[in-house]
Amino acid sequence: MSERAVLHVKGRVLVGPDDVRDELWVVGGRVTYDRPAGPGLDITTVDGWAMPGLVDAHCHVGLDTHGPVPADVAEKQALTDREAGTLLIRDAGSPSDTRWIDDREDLPRIIRAGRHIARTRRYIRNYAHEIEPPELVAYVAREAKRGDGWVKLVGDWIDRDAGDLTACWPREEAEAAIAEAHRLGARVTAHCFAEDSLRDLVEAGIDCIEHATGLTEDTIPLFAERGVAIVPTLVNIATFPQIAAAGEAKFPRWSAHLTRLWERRYDTVRAAYDAGVPVYVGTDAGGSLAHGLVAGEVAELLKAGLPAVDALSATAWGARAWLGRPGLEEGASADLVVYGSDPRTDVRVLASPRRVVLRGRIVG
């Protein structure tokens, strides 16, 4: 891109849900609202409705159903997300080293949570560090230093002896581990499907819960009071009936439990939202789910009863603020998506980006 190259985005620019401007300019890869001046400018113009690049706050680049994947597969995953308009990913656990992506200006930005930390034989094979409670603090410290400000725990999983989902970590060890992460400047999130682990993790100081299908009228107020966010991953929760059916013969209690959690998934998310719990978009792509599903997850939040603007904020303005990353403010990196119509009016337009701009370059 030449030094005189300028991108002009005009139409409507959604700097915020209520901050709508007529145009922006991209100069040197950065956003400005001041018209550039000078001779010989090479101006490319894009028309439409522009938003900050979308956020997938629960995604796994470098992971598939079997574990870590080669770099060429991880590249395809990241490119699929980019083509869907996802330009900022919180990678909620991956056994692959994806630092090489940081050197690629054509791939989304990634905020890593390091590798999952799970109990021994209590998670998907080849995904996590599998440890016992006395080791938790040390492993959390390790992943806090390796990640980008986040650590990911597996808060519950099937206990084959109990035949159902049970909590993985005693309260005392969880509290010490979360305190250590905070001391090192990292936030902590946890995979939680069921009810049992939630109160202990929140009272231990956790910052976020993934899936959060086990929220109840008893724990939702606690989440709201402590400001603990949830990332519901409803496109993933949609697979519960098939998973439950496959395990029904061997683990009938677990199967019935998953089915109940699935049946009330929309009510759970809406109750959390109504109580003031922060809700963000995440797809859980990279395990058994395909990448590029962010538009589908926004649509799921609408089904749960979130207003369209709040569902959009959960993948745009609000999500970026929560993760400490800029949107379309003056001087920010020009990471944006342009649509043919107003996504606040019809979120289905998210599935059809007109243009994708990353670091000031049109990449899709």
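What counts and what doesn't
- Residues numbered from 1 in each chain as written.
- Predicted model: local features only at pLDDT ≥ 70, side-chain atom pairs only at ≥ 80, totals over all residues.
- Heavy atoms only, no water.
- Helix = DSSP H or I, 4+ residues; strand = E, 2+ residues; numbered from the N terminus.
- Buried < 20%, exposed > 50% of the residue type's maximum accessible area, 1.4 Å probe, protein only.
- Contact = heavy atoms within 4.5 Å.
- Pairing = 2+ DSSP bridges.
- Salt bridge = Lys/Arg side-chain N within 4 Å of Asp/Glu carboxyl O.
- 1 Å grid on protein atoms, 1.4 Å probe; cavity = no way out; pocket = protein on both sides within 12 Å on 5 of 7 lines; lining within 4 Å.
- Points joined across faces, edges and corners; volume = space filled by probe spheres on them.
- Nonpolar A, V, L, I, M, F, W, Y, C, P; charged D, E, K, R; others polar.
- Axes fitted to C-alpha atoms, helices over the stretch in contact; angles between N-to-C directions.
- Lys, Arg positive; Asp, Glu negative; His and termini not counted.

**Q** Please clarify how the environment of I110 should be interpreted in this entry.
**A** If you trace the backbone, I110 turns up in strand 9 (residues 109–112). A relative accessible area of 8% places I110 in the buried class. Each C-alpha atom, one on I110 and one on F240, is 28 Å from the other, the two residues being 130 residues apart in sequence. Not counting the four nearest positions on each side in its chain, I110 is found in contact with V61, I89, D91, I101 and D148.

**Q** Looking at this model, I keep getting lost on the sheet that holds strand 18 (residues 336–339). Mind explaining?
**A** If you trace the seven strands from one edge of the open sheet to the other, you get 3-2-1-4-18-19-20, paired in mixed fashion. A strand with exactly one partner marks an edge of an open sheet, and here the two such strands are strand 3 (30–32) and strand 20 (361–362). By the bridge criterion, three bridges tie strand 18 to strand 19 (residues 355–358) in an arrangement that is antiparallel. Of the residues in strand 19, the one forming a bridge with V337 is V356.

**Q** I'm lost on the pattern of salt bridges in this one. Help?
**A** A side chain with one charge can pair with a side chain of the opposite charge if their charged atoms come near. The final tally for this structure, using the stated rule, is 26 salt bridges. Ionic pairing is found between E203 and R199, a salt bridge with its closest N-O pair at 3.2 Å. Taken together, the residues E203 and R199, both in helix 4 (residues 198–203) and four residues apart, mark about one turn of the helix. Exposure remark for E203: the relative accessible area of 27% places this residue in the partly exposed category. Residue D342 is joined to R344 by a salt bridge in which the shortest nitrogen-to-oxygen separation is 2.9 Å. When its relative accessible area of 23% is taken as the criterion, R344 is described as partly exposed. Each of R171, E175, R199, D200 and E203 takes part in salt bridges that share partners, so that together they form one network.

**Q** Looking at this structure, I do not really get the layout of surface pockets. What am I missing?
**A** One number sums up the size of the largest pocket: a volume of about 550 Å³. Around the largest pocket, the lining comprises 26 residues; the ones closest to its centre are I124, W157, F193, I243 and S288. When contributions to the lining of the largest pocket are tallied by element, the ones reaching two or more residues are strand 13 (156–159), helix 7 (240–247) and helix 8 (252–263). When its residues are assigned to classes, the lining of the largest pocket shows 13 nonpolar, 10 polar and three charged. Lining the second largest pocket are R121, R122, Y123, I124, R125, E130, W157, I158, D159, R160 and D161. The greatest single-element share of the lining of the second largest pocket, amounting to three residues, is contributed by strand 13. Taken together, the residues that form the lining of the second largest pocket break down as four nonpolar, no polar and seven charged.

**Q** Please explain the environment of V279 as it appears in this structure.
**A** Among the structural elements, V279 can be located in the loop between helix 9 (265–274) and helix 10 (294–303). Sequence separation between V279 and R90 is 189 residues; the distance between their C-alpha atoms is 14 Å. Among residues more than four places away in sequence, those in contact with V279 are I230, P232, Y273, L301, L306 and A314.

**Q** Even after reading the chapter, I still don't get the sheet that holds strand 8 (residues 86–91), so can you show me in this structure?
**A** The strands making up a sheet associate through hydrogen bonds between their backbones, and the pairing can be parallel or antiparallel. Spatial ordering of the open sheet is given by 5-8-9, a layout of three strands whose pairing is parallel. Both edges of this open sheet fall to strand 5 (54–59) and strand 9, since each of them pairs with a single strand only. Within the sheet, the average angular offset between the axes of one strand and its neighbour, ignoring direction, is 20°. Bridge analysis of strand 5 against strand 8 gives four bridges, and the strand direction is parallel. Opposite L54, over in strand 8, you have T86 as the bridge partner.

**Q** When you look at the side chain of R320 in this model, what are you seeing that I'm missing?
**A** By the element assignment, R320 lies in helix 12 (residues 317–323). D335 is the oppositely charged side chain nearest to the buried, salt-bridge-free R320, at an N-O distance of 4.7 Å.

**Q** Hey, could you run me through the pairing of strand 2 (residues 20–27) in this one?
**A** In the case of a regular strand, side chains alternate between the two sheet surfaces. Sheet topology note: the strand 1 (residues 5–14)/strand 2 ladder contains seven bridges and is antiparallel. Paired with V9 across the bridge in strand 2 is L24. Bridge count between strand 2 and strand 3: three bridges; the pairing is antiparallel. Bridge pairing links W25 to T32 in strand 3. Hairpin connection of strand 2 to strand 3: two residues between the antiparallel strands, including G28 at a positive phi of 60°.

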